[in-house]
Amino acid sequence: MRIRHIADRDWDAVVALEAGVYSDDGLSEGRAALKSRADASPGTCFVLEHGYRTAGYLLSLPYPTFRYPDLGRMEDTVFPSRNLHLHDLVIAEELRGRGLAKALLHHFTGTARSQGYEEISLVAVSGSDTFWAANGYRAHREVAPPSGYGPDAVYMSRPVPGARAGSKNLVRASSHRTPMEDEVG
């Protein structure tokens, strides 16, 4: 297993994984929207390779607390925020139950901590709030995501484990990376 930053060569696999999970529920966003989210914060978006294939991915970007991306449009703003919004985590269906999601989540959380984020938020869809609650996320029922996220959507958050309050956020808005920055693990 290997976790690394998303590269241009990964988008066909990422789009296929995303469509496979979300199309039936009407939640699939398409390549342009997904790529715009990754372009907003390339240092916090990853693919997980298992064997010789892309087995999963994770997209996240800085977003103000209690707010979330509009699924109907591309990202055009990079928010200065100490909150990192975990927009999407997908593992290939045939590889679920092997701990790959937890490994990707652990890597992501370490990245959030090292980059100075204090909180992680997400919108749980399609009943996934039980998975997220088991991983330390707390539901905020007072925040109602729009209907585009599906009828069971739940806004959730958690502090970044080990984060120091008031630490400097090192996120850069640029989507330009050198090849060495592209390799993570």
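Calculation rules
- Residues numbered from 1 in each chain as written.
- Predicted model: local features only at pLDDT ≥ 70, side-chain atom pairs only at ≥ 80, totals over all residues.
- Heavy atoms only, no water.
- Helix = DSSP H or I, 4+ residues; strand = E, 2+ residues; numbered from the N terminus.
- Buried < 20%, exposed > 50% of the residue type's maximum accessible area, 1.4 Å probe, protein only.
- Polar contact = N/O pair within 3.5 Å; in protein donor to acceptor, adjacent residues only side chain to side chain.
- Contact = heavy atoms within 4.5 Å.
- Pairing = 2+ DSSP bridges.
- Axes fitted to C-alpha atoms, helices over the stretch in contact; angles between N-to-C directions.
- Phe/Tyr/Trp six-rings, centres within 6.5 Å; stacked < 30°, edge-to-face > 60°.
- Lys NZ or Arg CZ within 6 Å of the ring centre and 35° of its normal.
- Salt bridge = Lys/Arg side-chain N within 4 Å of Asp/Glu carboxyl O.

S.K.: Describe the side chain of Asn83, listing the residues and the values that go with them.
M.R.: Locating Asn83 in the fold gives a position in strand β4 (residues 83-91). Take Asn83: its relative accessible area is 2%, and that puts it in the buried class. A distance of 2.9 Å separates the side chain of Asn83 from the backbone oxygen of Tyr63, its partner in a polar contact. When neighbours within four sequence positions are excluded, Asn83 is seen to be in contact with Leu61, Pro62, Tyr63, Pro64, Thr65, Tyr117, Glu119, Ile120, Ser121 and Tyr155.

S.K.: Would you mind going over the sheet that holds strand β5 (residues 119-124) in detail, with residue names and values included?
M.R.: Each strand in a sheet pairs with another by means of backbone hydrogen bonds, the pair being arranged parallel or else antiparallel. Strands sit in the order β1-β2-β3-β4-β5-β7-β6 across an open sheet of seven strands; the sheet is mixed. Single-partner strands in this sheet number two, and they are β1 (2-5) and β6 (138-139). Where β6 and strand β7 (residues 154-159) come together, two bridges link them in antiparallel fashion. Each bridged residue has a counterpart across the sheet, and for Ala139 the counterpart in β7 is Met156. Docked against the sheet, helix α2 (residues 31-40) engages β3 (53-62) and β4, running at close to 60° with respect to β3. Running over the sheet, helix α3 (residues 100-114) touches β1, β2 (46-50), β3, β4 and β5 and is turned about 160° from β4.

S.K.: Can you tell me about the environment of Asp25, naming the residues and giving the values?
M.R.: Looking at the secondary structure, you find Asp25 in the loop between α1 (11-22) and α2. On the basis of relative accessibility, which here comes to 48%, the residue Asp25 falls in the partly exposed class. Residues Asp25 and Pro151, 126 residues apart in the sequence, show an inter-C-alpha distance of 10.0 Å. At 3.0 Å, the side chain of Asp25 and the side chain of Ser126 are in polar contact.

S.K.: Please provide a residue-by-residue account of the packing of aromatic side chains, values included.
M.R.: By the definition in use, this model includes six aromatic pairs. For the pair Tyr68 and Tyr149, a centre-to-centre distance of 5.7 Å together with 80° between the ring planes defines the contact as edge-to-face. In this pair, Tyr68 is assigned in the loop between β3 and β4 and Tyr149 in the loop between β6 and β7, connecting sequence segments 81 residues apart. Judged by relative accessible area, Tyr149 falls into the buried class, the value being 5%. Members of the aromatic cluster, connected to one another through ring pairs, are Phe66, Tyr68, Tyr149 and Tyr155. The aromatic ring of Tyr137 is capped on one face by Arg158, whose charged end is 5.8 Å from the ring centroid.

S.K.: Please provide a residue-by-residue account of the pattern of salt bridges, values included.
M.R.: Under the criterion given, the structure shown has twelve salt bridges. Arg2 is the partner of Glu49 in a salt bridge, and the nearest nitrogen-oxygen pair spans 3.2 Å. Of the two residues, Glu49 is situated in strand β2 and Arg2 in strand β1; the sequence distance between them amounts to 47 residues. Glu49 sits in the buried class, given a relative accessible area of 17%. A residue is classified by how much of its surface remains accessible, and Arg2, at 30% relative accessible area, is partly exposed. Sharing partners across several salt bridges, the network here consists of Arg2, Arg4, Asp10 and Glu49.

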